[in-house]
Amino acid sequence: MRFTYCPHCGTKLIQKEIGDEGLMPYCENCDAPMFDMFSTCIIALVVNEYDEALLLRQKYISDHYYNLVSGYMKPGERAEETAVREIAEETGIVIESLEFAGTYWFEKKGLLMIGFFARAKKQEPKLSGEVDAAAWVSLADAIGMVHPEGSVSHTLVDLYLTRQRGQLNSEMF
């Protein structure tokens, strides 16, 4: 969100040079810069003991592609807590471990997405109302079922597969 008016007092903002930040929206009344704001979400690749990925079908997101578990962070919540909560809410699955995978900017929606790899025992998902269907699929198949190359879903599945093959190097980050 880019501010035009001060969210505190309603004054129309001006552009002012703010140190290393350059020209910034600034409230002369509050004597404060107004930094852009954006939402933060998690996205998690859930993998079971058979190296199968849990993919979700959510028609409100896509009629063609499957999705990974994702969701918005709540104020005061840590990203790890959000990942555990969203996986449980959307699929009914309690995870055994969680590993940070990276951060990703999702330009289309203006979101910062914090990626995780989650391990869980294979079980039948108990789906929330926002999930139309879910399936455990091989990771080799999952890469072709999620949104195409360049998407955060594709990046996470590809990163997991690359790690499995032992080809991870520092150039990937």
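Quick note: structure is the one above.
Residues numbered from 1 in each chain as written. Predicted model: local features only at pLDDT ≥ 70, side-chain atom pairs only at ≥ 80, totals over all residues. Heavy atoms only, no water.

## Section: the overall build of the protein
This is how it is decided: A run of H or I in DSSP counts as a helix once it spans at least four residues, and a run of E counts as a strand once it spans at least two, with each numbered from the N terminus. Only protein chains enter the calculation, and the probe is 1.4 Å; a residue is then buried if its accessible area is under 20% of its type maximum, exposed if over 50%, and partly exposed in between. By definition in these notes, contact holds between two residues if any of their heavy atoms fall within 4.5 Å. To measure how exposed things are, a 1.4 Å probe is used in the Shrake-Rupley method; for residues, cover is taken only from the protein chains shown. Counting rule for charge: Lys and Arg are taken as positive, Asp and Glu as negative, and neither His nor the chain ends is counted. For the purpose of locating charges, the reference atoms are NZ of Lys, CZ of Arg, CG of Asp and CD of Glu.
Check the secondary structure of the protein and you find three helices and nine strands. Listed N to C, the secondary structure of the protein is β-β-β-β-β-β-α-β-β-β-α-α in terms of helices and strands. Seen along its three principal axes, the alpha-carbon backbone of the protein occupies a region of about 60 × 40 × 30 Å. Looking at the 173 residues of the protein, the share that counts as buried comes to 41%. Partitioning the contacts of the protein with sequence separation of at least 6, the portion at a separation of at least 24 is 56%. Of the roughly 10,100 Å² of accessible surface on the protein, a fraction of 51% belongs to carbon and sulfur atoms. With 16 positive and 26 negative side-chain charges, the protein shows a separation of 4 Å between the mean positions of the two kinds.

## Points about the sheet that holds strand β1 (residues 14-17)
Put simply, the rule is: A pair of strands is treated as paired once DSSP finds two or more bridges between them.
What the three strands build is an open sheet, ordered β1-β2-β3; its pairing is antiparallel. Each edge of the open sheet carries a strand with a single partner, namely β1 and β3 (32-33). Inspection of the sheet shows β1 paired to strand β2 (residues 23-27) by four bridges, in the antiparallel sense. By the bridge assignment for β2, E17 is matched with L23.

## Concerning the pairing of strand β5 (residues 52-57)
Where burial is concerned, most of β5 is hidden: six out of the six residues are buried. Pairing of β5 with strand β9 (residues 133-138) involves six bridges; the strand directions are antiparallel. Among the inter-strand pairings, A53 is bridged to a residue of β9, identified as V137.

## Here's the deal with the packing of aromatic side chains
In plain terms, the rule: Here is the rule: rings of Phe, Tyr and Trp (six-membered ring for Trp) pair when centre to centre is within 6.5 Å. Planes less than 30 degrees apart are stacked, more than 60 are edge-to-face, and the remainder are tilted. Look at NZ for Lys and CZ for Arg. If either is within 6 Å of the ring centre and within 35 degrees of the ring normal, a charge sits over the ring.
Summed over all chains, the structure comprises three aromatic pairs. Ring centres of F117 and Y160 lie 5.2 Å apart, and the angle between their planes is 70 degrees; on these two criteria the pair is classed as edge-to-face. With F117 in strand β8 (residues 111-119) and Y160 in helix α3 (residues 152-164), this pair connects stretches of sequence that are 43 residues apart. The ring of Y26 carries the charged tip of K16 above its face, separated from the ring centre by 4.2 Å. The aromatic ring of Y66 is capped on one face by R57, whose charged end is 4.3 Å from the ring centroid.

## Things to note about the environment of E130
Position of E130 relative to the elements: it lies in the loop between β8 and β9. Between the alpha carbons of E130 and L111 there is a distance of 20 Å; along the sequence they are 19 residues apart. Here E130 is in contact with Q58, Y60 and E90, once residues within four sequence places are set aside.

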